[in-house]
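# Reading the structure
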Protein chains: 2
Amino acid sequence: MSDIGPPSFGHAFITGGAGFIGSNLADRLLSLGVRVTVYDNLVTGFPEFLEEARQRPGFAFVKGDLLDEAALTAAMKGADFVFHLAANADVRFGTEHPRKDLEQNTIATYNVLEAMRANGVRRIAFSSTGSVYGEAPVIPTPEDAPFPIQTSLYGASKVAGEGLIAAYCEGFGFQGFIFRFVSILGERYTHGHIFDFYQKLLQDPTVLLVLGDGKQRKSYLYVQDCVDAILTAVEKAGDKVNLFNLGTNEYVQVNDSIDAITAHLGVTPTRAYTGGERGWIGDNPFIFLETRKIQSLGWKPKLTIRQGIIRTLEWLQANRWVYEKRQ
Amino acid sequence: MSDIGPPSFGHAFITGGAGFIGSNLADRLLSLGVRVTVYDNLVTGFPEFLEEARQRPGFAFVKGDLLDEAALTAAMKGADFVFHLAANADVRFGTEHPRKDLEQNTIATYNVLEAMRANGVRRIAFSSTGSVYGEAPVIPTPEDAPFPIQTSLYGASKVAGEGLIAAYCEGFGFQGFIFRFVSILGERYTHGHIFDFYQKLLQDPTVLLVLGDGKQRKSYLYVQDCVDAILTAVEKAGDKVNLFNLGTNEYVQVNDSIDAITAHLGVTPTRAYTGGERGWIGDNPFIFLETRKIQSLGWKPKLTIRQGIIRTLEWLQANRWVYEKRQ
């Protein structure tokens, strides 16, 4: 990060800025002297995550929903860069409420783009997902992998968002930065397998229910490394549409992850597997992204997956209040 | 077509069934003994296109909009196959009304899928487009071309529709048939360059305004060949998600197309070019799809592009009323 200089924008608008990645990004940008407006409906975000940000000059918080176009457009006034991180990130339960992905991801992204047009903002960074590759035939999966077939409503909604952003770049002279994330770990992580496993082990350290056969291979990235990568790309990539996979050079099995978690917690639960190579409908048994493109810009992750897992657990142990709030 | 036997479904529901491709499909299915319900808001469709269909037993027409979920769900009752052809097919003017593609293509497709769930219908064929490949680095472009970057709101909305359908196949046990069309020509064609050129030449046969440099290379397919291909795929392809490019083994320059049109009409206009290799923002200077996959099922087109152009012109000459109605 040290070599990229000060940000090329003065006032960032962060959707989902009270969430896990958004609040970490907000803190970082504020520390770099950028004004930050966070727009968040606080459905999955936490006001507590903005406590540091509130101490900084140049910070504003607007509670609002992305489906409220008027409020969104008003809140964006004066911004010169949009980080669109708000999403229904619940890849697992898409089939229980398919409308959620459509509204909160696809339609919300459209509303963000229209609010940008209305405000004359032309640069956008977007949190997409490695899930857009479906069950990729090429692993590690590069950005130009074969045109994928979607396997989840979440992935489909993110593909739709990517397409909208690219079309606005072509049609309205926008510049887009699209990041296909692996799962992100670290401080303020409140969603995903470590969150679930830790909660289960707090309730009963003798047994752990594991979805699937535990052999699913997944990739993870530490949130500060993720923020580094986003800011590196935004300052160094100059195409109209800039697509980057974000991940590490490694993957772990769910079982490896459980090993790290149980060792750290000092528990030895019996593992009960639901079986099958997929944990749920649309689960991808092997996610591993090729990250040479972002690394070619000089970025590399500082933490290994295992270090990221431990960092996450330490944060959850020190912040058990998130489990109460998350009901 | 002769070798595929009777359709595997008894009652087809066709969205956009009063349109160009939809009404030709309706006629074909009725002639094969299939019951057909056409659902169309008649915004771009023509009731006149259903005159033959209305003479047949087993035909029903419901005037309705895809954004009216209740009407859509009610109309679909009893169907066992959905052909989702309704769309805003206006690739050129997307930037004038970006909401149209979102609503009429993406949200409409979601509504169709939900209406299918409500009615227990699990098979869907979808008219996508070669535009989803953006400016493809591989030509002729195969179905598994590199993950494309969208260049039009229309393409983006179709990618979103494809993704939704694939996710419903995975999540809800649907079977999907996704067709990426080149431009379709033939009887009831009411939209596109031949329509525009013929209209201009009727008004003034001495001069023809051409968008771009006239060297854009495009592919076309005759509508009856398109219907053949759709029915062949639906009966012969057995995957969960079946993706097919539909086109011919050739392409023509816009200038070649103008040669064919002016020769047929016996006019020799001066050509005035707006210039540039793209006719409009998001125009793709070279569209040519690899169609080996659909041909491997035994389908091949009966008409060449030039024959399709003449067939189209003949139909327009005999049906100049569509220009009046199209105001």
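Residues numbered from 1 in each chain as written. Chains lettered and ligands numbered in written order. Predicted model: local features only at pLDDT ≥ 70, side-chain atom pairs only at ≥ 80, totals over all residues.

The subject of this paragraph is the overall build of chain A. Along its length, chain A carries 11 helices and 13 strands. Rg of the C-alpha trace for chain A: 19 Å, near the compact-globule value of 20 Å for 327 residues, within the 12% margin. Referenced to the eigenvectors of the C-alpha coordinate spread, the extents of chain A come out at roughly 55 × 45 × 40 Å. Put simply, chain A has 327 residues, and 52% of those count as buried. Of the contacts made within chain A by residues no fewer than 6 positions apart, 81% connect residues no fewer than 24 positions apart. (Helix = DSSP H or I, 4+ residues; strand = E, 2+ residues; numbered from the N terminus. Rg over C-alpha atoms; globule rule 2.2 N^0.38 Å. Buried ≥ 20, exposed ≤ 12 C-beta atoms within 10 Å, placed from the backbone. Contact = placed C-beta atoms within 7 Å.)

With that settled, consider the relation of the copies chain A and chain B. After a rotation of 180° and a shift along the axis of 0.0 Å, chain A superposes on chain B with an RMSD of 0.0 Å. Here the two chains are linked by the operation of a two-fold rotation axis. Both copies contact each other with a shared surface, as 100% of the interface residues of chain A are interface residues in chain B too. (Least-squares fit on C-alpha atoms with pLDDT ≥ 70 in both.)

This brings us to the interface of chain A and chain B. Taken together, the 30 residues of chain A in the interface contact 30 residues of chain B. For the side of chain A that touches chain B, the leading source of residues is helix α5 (residues 153-172) of chain A, giving 12 residues.

What follows is about the sheet that holds strand β3 (residues 59-63) of chain A. Across a sheet, strands are paired by hydrogen bonds formed along the backbone, either parallel or antiparallel in direction. Residues and elements named next belong to chain A. With parallel pairing, 7 strands are arranged side by side in an open sheet as β3-β2-β1-β4-β5-β6-β11. Each having just a single partner strand, β3 and β11 (241-246) make up the two edges of the open sheet. Strand-to-strand, the axes of this sheet are offset by a mean angle of 15°, without reference to chain direction. Pairing analysis gives 4 bridges linking strand β1 (residues 11-15) to strand β4 (residues 81-84), with the strands arranged parallel. Within β4, the position partnered with A12 by the bridge is F81. (Pairing = 2+ DSSP bridges. Axes fitted to C-alpha atoms, helices over the stretch in contact; angles between N-to-C directions.)

Next up on the list: unusual backbone geometry. Residue and element names in this part refer to chain A. Following I139, the chain continues into P140 via a peptide bond in cis, with omega recorded as 0°. Positioned with a positive phi, L42 is a non-glycine residue whose angle comes to about 60°. For L42, the location among the structural elements is in the loop between β2 (35-40) and α2 (51-54). By C-beta crowding, L42 is classed as partly exposed, having 14 other C-beta atoms within 10 Å.

A few words now on the pairing of β4(A). Residues and elements named next belong to chain A. In β4, alternate side chains face the same way, and those of F81 and F83 on one face and V82 and H84 on the other are all buried. In this structure, β4 lies alongside strand β5 (residues 123-129), joined through 3 bridges in parallel fashion. Considered in β5, the bridge of H84 is made with F126.

It is worth spelling out the pairing of strand β6 (residues 175-181) of chain A at this point. Residue and element names in this part refer to chain A. Across the 7 residues of β6, 6 count as buried, placing the element largely inside the fold. In this structure, β5 lies alongside β6, joined through 7 bridges in parallel fashion. Its bridge partner lying in β6, F126 is registered against I178. Following the backbone out of β5, through α5 and into the adjacent parallel β6, one traces a crossover that is right-handed. Here β6 pairs with β11 via 6 bridges, running parallel. Bridged to G176 within β11 is V241. (Right-handed = clockwise from strand over helix to strand, strands pointing away.)

Let's shift gears to the packing of helix α6 (residues 193-203) of chain B against helix α10 (residues 305-318) of chain B. Residues and elements named next belong to chain B. Packing of α6 against α10 brings their axes to within 10 Å, and their N-to-C directions diverge by 50°. The pairing of α6 with α10 is recorded here as oblique in orientation. Both α6 and α10 take part in a crossing whose hand is right-handed. The segment α6 lies against α10, with I194, F195 and Y198 engaging I309, T312, L313 and L316. Counted by class, the contact of α6 with α10 contains 6 nonpolar, 1 polar and no charged residues. (Parallel < 35°, antiparallel > 145°, perpendicular 65-115°, else oblique. Left-handed = near helix turned anticlockwise from the far one by under 90°. Nonpolar A, V, L, I, M, F, W, Y, C, P; charged D, E, K, R; others polar.)

On to the domain arrangement of chain A, then. Split by domain assignment, chain A resolves into domain 1 (9-186 + 220-249 + 289-302) and domain 2 (193-216 + 251-285 + 313-322). Measuring from the centre of the C-alpha atoms in domain 1 of chain A to the corresponding centre in domain 2 of chain A gives 27 Å. (Domains from an automatic or database assignment.)

What follows deals with helix α8 (residues 254-265) of chain A. Residues and elements named next belong to chain A. A rise of 1.5 Å per residue sets the reference length of α8, with its 12 residues, at 16 Å; its end C-alpha atoms lie 16 Å apart and thus fit the reference within 8%. Those residues of α8 that sit buried are V254, S257, I258 and I261. Projected down its long axis, α8 shows its buried positions confined to an angular sector of 100°, all on one face. Buried positions along α8 lie against α6 (193-203), β8 (207-210), β9 (217-218), β12 (252-253), β13 (270-273) and α10 (305-318). Positive backbone phi, approximately 70°, marks G266, located one or two places after α8. (Expected span 1.5 Å × (residues − 1). Arc of directions from axis to C-beta.)

Attention now moves to the packing of helix α1 (residues 20-31) of chain B against helix α7 (residues 223-236) of chain B. Residue and element names in this part refer to chain B. Contact geometry for α1 and α7: axes closest at 10 Å, N-to-C directions at 60°. In the crossing of α1 with α7, the sense of the turn from one axis to the other is right-handed. For the pair α1 and α7, contact is made by F20, I21, N24, L25 and R28 and by V223, Q224, C226, V227 and I230, respectively. Taken together, the residues of the contact of α1 with α7 sort by class into 7 nonpolar, 2 polar and 1 charged.

Next up on the list: the sheet that holds strand β1 (residues 11-15) of chain B. Residues and elements named next belong to chain B. Taken together, 7 strands build an open sheet; the order of strands is β3-β2-β1-β4-β5-β6-β11 and the sheet is parallel. Single-partner strands in this sheet number two, and they are β3 (59-63) and β11 (241-246). Strand after strand, the sheet turns through a mean of 15° between neighbouring axes, direction not considered. Sheet strands touched by α1: β1, β2 (35-40), β3, β4 (81-84) and β5 (123-129). Its angle to β2, the strand with the most contacts, is close to 165°.

Counting residues in each nonpolar core, the largest one holds 206 residues, and the members touching the most others are C226(A) and C226(B). Sequence-distant contacts of C226(B), defined by excluding residues within four places in its chain, comprise I21(B), F181(B), I184(B), L221(B) and L246(B). (Core = buried A, V, L, I, M, F, W, Y, C linked by C-beta atoms within 7 Å.)

The next subject is the environment of G186(A). All names here are of chain A. Positionally, G186 belongs in the loop between β7 (183-185) and α6. Through-space distance from the C-alpha of G186 to that of D40 is 20 Å; in sequence the pair is 146 residues apart. Once residues within four sequence positions are removed from consideration, G186 is found in contact with Y222, V223, Q224, G308, R311 and T312.

This part covers helix α4 (residues 98-119) of chain A. All names here are of chain A. Taking 1.5 Å per residue as the helical rise, α4 with its 22 residues ought to reach 32 Å, and the 31 Å between its terminal C-alpha atoms agrees with that figure. The sharpest bend along α4 measures roughly 35° and falls at A108. Phi for G120, located one or two positions after α4, is positive at around 70°. (Bend = angle between axes of the 7 residues up to and from the residue.)

We now examine the environment of F244(A). Residue placement: F244(A) occurs in strand β11. Once you skip the residues sitting within four places of it in the chain, F244(A) turns out to touch E143(A), F179(A), A233(A), K293(A) and I294(A).

Below, the discussion takes up the environment of T274(A). Assignment of secondary structure puts T274(A) in the loop between β13 and α9 (292-295). Filtering out sequence-adjacent residues up to four positions away, T274(A) remains in contact with V210(A), L211(A) and G212(A).

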